[in-house]
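Below are the chains, spelled out letter by letter.
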Amino acid sequence: MKLLSYFRGEAFQRGVHPPSCKLTAQTQIRRLPFPPKVVVPLSQHIGKLPHPIVKVGQEVVRGEPIARTDDWLSVPHHAPVTGVVEFIGLRPGVRGPWVESIVIRAHPGSSQEDLWGQPRDLSTASGADILQAIWDTGMVGLGGAAFPTHAKLTVPKQAKVHTLVVNGCECEPYLTCDHRVMVEQADALVAGIRYAMRATAAVRAIVGIEDNKPDARNAIQEAIRRAGSLPEGEIHAELVPTKYPQGSEKMLIMALFGVEIPAGGLPVSLGMVVNNVGTLAALGRLLPAGRGLTERVVTITGPGVARPGDYIVPLGTPIRFVLDYAGAPDATARQIILGGPMMGQAAASLDVPITKGISGVLVLRGEDLADRAGLKTYPCIKCAECVESCPMGLNPSQLGMLAAKREYDLMGSNFHLGECFECGCCTYVCPSNIPLVQQFRVAKQILREKAVAKS
Amino acid sequence: MRHVVWSLLPVCAFYVYQYGLSALASLVVVTASCLATERFFVRQGGQSGDIGDYSAVITGLLLALSIPPGFPLWMGAVAGGVAIALGKALFGGIGFNVFNPALVGRAFVQAAFPQAIATYTPSFLPGRFHELIPSSMALPLMQPADVAVWLKAKQLDALAGATPLAKWKFEGILANADELLTSLSGHMAVGPSPALILVCGAYLALRRFMDWRIPAAILGSAGLTAWLLFAFNDVRYPNPFFMMFSGGLILGAMYMATDMATSPVTPKGMWVYGALIGLLTVVIRYYSGLPEGVMYAILLGNAATPLIEKITQPTPFGKGGRGKKSASYPLHPGYISREDAGAVTPKKRFLPNKPKQTERES
């Protein structure tokens, strides 16, 4: 089979083809009502915590800044609802530990219109002005990594960017939020691409879309035609063969340009910047209006959801509220995964809020997991399936055996653990059910802590 | 693992058809012995794995297919016990064994009972479904009955009981490759049918329960080595097809060398491992005192596996691997390489990719 894929000239080497399960690919994006209370964690991204600029009891309107920061790798936050600040303190966070959060009680009956923000004309703004404007929106990568967008679009001094790669792959099973955004908000996406091109001084933009979403490509090509000739440069929409994990920027660049990003390097070292379609579509909407990021599109899906779909969810909405609205009964739901099934993490609690980095909520029932429930983990028999599926060309079998012996330093130094981006292909194909990627996450975390302790 | 057993069943069925009751008894006894030993160690030794994973069944069937059909049953039981106990349980159970358990068992009986393991009987004997080969029923710790006498009573000369490889080695008689491949012509002392094994192995490879690279490398390397020698001196050396289809090479290449736990995991390593086994097989067959060399070649290959893996680790993405030849877009003409621009690649702050020397020294 590998031989066949070699002759077909596949997008990138190895990888897997999980069932796509895109239940909501044809459903229109719908809007969720305000929950009675929203919880805005201050830490939704890397970098220092922004500090709150509101007090308990203060009234805020939707879109008003509620936390500010001076750290370049951090972003401000905006009030997702109109209401009263009720509490500032520790609340359950997405990853488990409680985190500093701002709790806002929503005014019943307040509209979802953004009341804050000054429309402005950015048609003649310089790149630096646009970057500053992007920072003010509080935008982070909506694909899941939640890296601050203005930092990602900032080109290092000696580097030069020629191409903006727009990531519309959405290779994770079940998730369709990027797909729907491309279909329904193609004009906003094109506007966002133009801003990003001006911020990075790129002369062309290429939207990479997996070939199971031809309607998204058509919609974007329509929007490009409507936009006419652009002063920024040319925009293309390109189909790439469907394969997991194409949504990784290294894999997408391999698929589009046939070049490998050097290990440890960023796409900018090849003159490229990669951004997610959801991020750019949101930018295209927010920048001219001068508003902040207060909501995002989230795919609520899975066999345990009665009304699966892509919903516009105010940030900070508790997952419990979202699931109630989408019709997921608590009694039968067994596992709730934030993100996609391959890379997502199980929710620590139903009280955790939707943050900027959550692209999907997947609900699985007991019977969906039944065929995996009794499975035991067997010893590694070195079948080499993982080696043949690792898109990064690592040796997960060896890494797994080392992880079982806690030889974390050896994993990092001799077996390239640092290159692993936790796509989960090895765990997906393992016939012995060894939780490889989970072990690698632990190992990377320990190495990271060691490096911090040393410095 | 279940699929490997299923794919072996046609081979076993044809083997029983060739050799009759004795072959059936041998298959059953050896497999039962393997299962009993496995059960003992899993229960008593707290080993990983269990009987339900079918690995002991595979070991038993392969071991039975690799010994003569008339092999005394008590010796077969010993072979099965040794295979699991010394070949697998000693190392910690499934996944941790260094050598293929079936071959460990066979190597043991080859050393312990050299006479019995060299005594083959011809296939398709009349009356094979009614009587056992007399050596099968030897009492434990007793010498088996002389098969040559029994064969003489059936109007066959003793030479019919030698394998094609032994005939070539000691008598200089070559068998035809097509006869060897199908094993259908009568009165030949050959093992299970290579053609059938090839078909069943192909099924496994297509279903991806087995890596196609290892058998391809073994057969390619053995065939190439034999062909080179044949081209060098076609009187002294037999033709390469005789080498490839005789003895246990096909069975070894398809089912024994591909044992996952004892073969390399790296794709490049699989080629090296297979090439090594193919070369060693031919060398042992030609230049040693033994007519057959597949077993020792695979055991040596198993021993070399950790070393092969060490030198054939895959190249990670972005570390000098090749790019694709055709791509949708070229890099932009305005692209300035990092070196031109004097840019510094931002390094990850954690996980240094090389061990620090100072740490090692201290």
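This structure is a prediction, so every number in the text was calculated from the model and none was measured.

Regarding its fold elements, chain A presents 14 helices and 17 strands. Relative to its length of 455 residues, chain A is compact, with a C-alpha radius of gyration of 22 Å against a globular reference of 23 Å. The C-alpha extent of chain A, read off along each of the three principal axes, is 60 × 50 × 50 Å. Taking all 455 residues of chain A together, 55% fall into the buried category.

Looking at the assigned domains, one finds that chain A contains domain 1 (2–24 + 118–289), domain 2 (36–108 + 295–365) and domain 3 (396–454). Of note, the centres of domain 2 of chain A and domain 3 of chain A, computed from C-alpha atoms alone, are 30 Å apart.

All names here are of chain A. The 4 strands are arranged β2-β8-β7-β4 in an open sheet whose pairing can be described as antiparallel. Among the strands making up the open sheet, the edge pair consists of β2 (37–41) and β4 (59–60). Where strand β7 (residues 83–92) lies against strand β8 (residues 98–106), 9 bridges are found, and the strand directions are antiparallel. Bridge pairing links Val 84 to Arg 105 in β8.

Residues and elements named next belong to chain A. Here we have 3 strands laid out as an open sheet, ordered β3-β5-β6, and antiparallel in their pairing. Looking at the sheet topology across the chains shown, the edges are occupied by β3 (51–52) and β6 (77–78). Inspection of the sheet shows strand β5 (residues 65–68) paired to β6 by 2 bridges, in the antiparallel sense. Each residue of the ladder has a partner; that of Pro 65, found in β6, is His 78.

Residue and element names in this part refer to chain A. Where strand β15 (residues 333–338) meets strand β17 (residues 360–365), 5 bridges bridge the pair, whose relative direction is antiparallel. Bridging from a neighbouring strand, Ala 333 pairs with Arg 365 of β17. Connecting β15 to the antiparallel partner strand β16 (residues 345–346) that follows it, the hairpin turn spans 6 residues, and Gly 339 within it adopts a positive phi of roughly 100°.

Two faces make up the sheet, and in a regular strand the side chains alternate between them. Residues and elements named next belong to chain A. Both strand β10 (residues 204–210) and strand β11 (residues 234–240) contribute to a ladder of 7 bridges, which runs parallel. Directly across from Ile 209, in β11, lies its bridge partner Leu 239. Each parallel crossover has a hand, and for β10 linked through helix α6 (residues 214–227) to β11 it is right-handed.

The next point concerns unusual backbone geometry. All names here are of chain A. Following Tyr 244, the chain continues into Pro 245 via a peptide bond in cis, with omega recorded as 0°. Looking at the secondary structure, you find Pro 245 in the loop between β11 and α7 (249–257). Unusually for a residue other than glycine, Cys 21 sits at a positive phi of about 55°. Mapped onto the elements of the fold, Cys 21 is located in the loop between α1 (2–8) and β1 (30–31).

Cut-off values and rules
- Position numbers for residues start from 1 in each chain and track the written sequence from start to end.
- As a convention, the first chain written is A and the first ligand written is 1, with the rest following in written order.
- Totals for whole chains, interfaces and linings use all residues, but because this is a predicted model, local features are given only for residues with pLDDT of at least 70 and pairs of side-chain atoms are given and counted only at 80 or more.
- By definition, any uninterrupted DSSP run of H or I lasting at least four residues is a helix, any uninterrupted run of E lasting at least two residues is a strand, and each is numbered from the N terminus.
- Throughout, the radius of gyration refers to the C-alpha atoms, and the reference size of a globule is 2.2 Å times the residue count to the power 0.38.
- Counting other C-beta atoms within 10 Å of each residue's C-beta, where C-beta atoms are placed from the backbone, gives the exposure class: buried for 20 or more, exposed for 12 or fewer, partly exposed between.
- Marked domain ranges trace back to an automatic or database domain assignment.
- Strands qualify as paired when DSSP identifies two bridges or more between them.
- Classification remark: right-handed applies to a crossover when, strands pointing away from the viewer, the course from the first strand over the helix to the second runs clockwise.

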